[in-house]
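Listed below are the residues making up each chain.
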Amino acid sequence: MIFQTLKPQVETIVNDTTKAVDERLLSICELLENHIDYYNWVGFYFKNGDKNELKLGPYVGEPTDHTIIPFGKGICGQVALSNENFVVPDVAAQDNYIACSITVKAEIVIPLFVNGENMGQIDIDSNTPDPFNKEDERFLEFVCEQVARII
């Protein structure tokens, strides 16, 4: 499975202390977007200081206007409050979805915890309807655990 082959590559990127944290995060985004066909936008959002909002970090994919997302707004904002994975098989069926592109059909957001506190998340949009499964969730949880070590 592709996830098993990507795990060591994620670890290598995270452990490369010759690069700044944002460079490593961007490399992870590029790795995932390049190797998983249905990952069409991959990015990180992080808690914006003491504010109840998320700030866009490194990402790959179409540019987005959603650089700041208030807690509770959209899928990412909901995950900031719930501290739980959120898989959206059909974004058109979500009332609180923030549309980024008309091509996006599905989204998955996995929270990123540092010392038990939700500090951010990885957000993935797909142009494929209902592509995400439990394997995606477990893999992205692994990615977030690795990233938590460097932020």
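Residues numbered from 1 in each chain as written. Predicted model: local features only at pLDDT ≥ 70, side-chain atom pairs only at ≥ 80, totals over all residues. Heavy atoms only, no water.

> Explain helix α2 (residues 21-35) to me, and be specific about the residues and the numbers.
In a regular helix each residue adds 1.5 Å, so 15 residues correspond to 21 Å; α2 covers 21 Å between its end C-alpha atoms and thus fits that length. Within the span of α2, buried status applies to Arg24, Leu25, Ser27, Ile28, Cys29, Leu31 and Leu32. Taken together, the buried residues of α2 touch α1 (2-15), β1 (41-47), β2 (53-60), β6 (117-126) and α4 (134-148). (Helix = DSSP H or I, 4+ residues; strand = E, 2+ residues; numbered from the N terminus. Expected span 1.5 Å × (residues − 1). Buried < 20%, exposed > 50% of the residue type's maximum accessible area, 1.4 Å probe, protein only. Contact = heavy atoms within 4.5 Å.)

> Lay out the environment of His35 in plain terms, naming residues and giving numbers.
Mapped onto the secondary structure, His35 falls in helix α2. Sequence spacing of His35 and Thr128 is 93 residues, and the spatial spacing of their C-alpha atoms is 15 Å. Ignoring any residue separated from it by four or fewer positions in sequence, one finds His35 in contact with Ile2 and Leu6. Within the structure, the side chain of His35 is placed 3.0 Å from the backbone oxygen of Leu31, a separation counted as a polar contact. (Polar contact = N/O pair within 3.5 Å; in protein donor to acceptor, adjacent residues only side chain to side chain.)

> Quick one: what's the story with the packing of aromatic side chains, residue by residue and with numbers?
Applying the stated criterion to the full structure yields seven aromatic pairs. Ring centres of Tyr38 and Tyr39 lie 5.3 Å apart, and the angle between their planes is 85°; on these two criteria the pair is classed as edge-to-face. Here the aromatic residues Tyr38, Tyr39 and Phe132 are joined through ring pairs into a cluster of three or more. The side chain of Lys7 reaches across the aromatic face of Phe142, ending 5.0 Å from its centre. (Phe/Tyr/Trp six-rings, centres within 6.5 Å; stacked < 30°, edge-to-face > 60°. Lys NZ or Arg CZ within 6 Å of the ring centre and 35° of its normal.)

> Break down the pairing of β1 for me, with residues and values.
Of all the seven residues making up β1, six are buried; the element is thus mostly covered by neighbouring parts of the structure. For β1 and β6, the ladder comprises six bridges, and the chain directions are antiparallel. Its bridge partner being in β6, Phe44 is matched across the sheet by Ile122. Hairpin remark: β1 followed by β2, antiparallel, with five residues in the connecting loop; positive phi at Gly49, about 60°. (Pairing = 2+ DSSP bridges.)

> Tell me about the nonpolar core, residues and numbers included.
One finds Leu32, Tyr39, Phe44, Ile122 and Phe139 to be the most contacted residues of the largest nonpolar core, which totals 32 residues. For this core, the secondary structure elements donating two or more residues are α1, α2, β1, β5 (106-114), β6 and α4. Among the elements that take part in this core, α4 stands out by supplying seven residues, more than any other. Discounting chain neighbours no more than four positions away, the residues touching Tyr39 are Phe3, Leu32, Glu33, Ile124, Asp125, Phe132, Asp136, Phe139 and Leu140. In this structure, Tyr45, Leu54, Val79 and Phe86 belong to the second largest nonpolar core, which totals 14 residues. (Core = buried A, V, L, I, M, F, W, Y, C linked by side-chain atoms within 4.5 Å.)

> So, α4: which residues are in play, and what are the values?
When the terminal C-alpha atoms of α4 are compared, their 21 Å separation across 15 residues agrees well with the 21 Å that a helix rising 1.5 Å per residue should span. Every buried residue of α4 is listed here: Asp136, Glu137, Phe139, Leu140, Phe142, Val143, Cys144, Gln146, Val147 and Ala148. In this structure, the buried side of α4 is in contact with α1, α2, β1, β4 (86-88), β5 and β6. One side-chain oxygen of the residue at the start of α4 lies 2.7 Å from the amide nitrogen of Glu135, identifying that residue as Asn133.

> Talk me through the side chain of Asp123; I want residue IDs and the actual numbers.
Position of Asp123 among the secondary structure elements: in strand β6. Here Asp123 sits buried without a salt bridge, and the closest side chain of opposite charge, Lys73, lies 13 Å off (N-O distance). Leaving out residues up to four positions away in the same chain, Asp123 has contacts with Trp41, Val42, Gly43, Tyr45, Cys76, Glu107, Ile108 and Val109. (Lys, Arg positive; Asp, Glu negative; His and termini not counted. Salt bridge = Lys/Arg side-chain N within 4 Å of Asp/Glu carboxyl O.)

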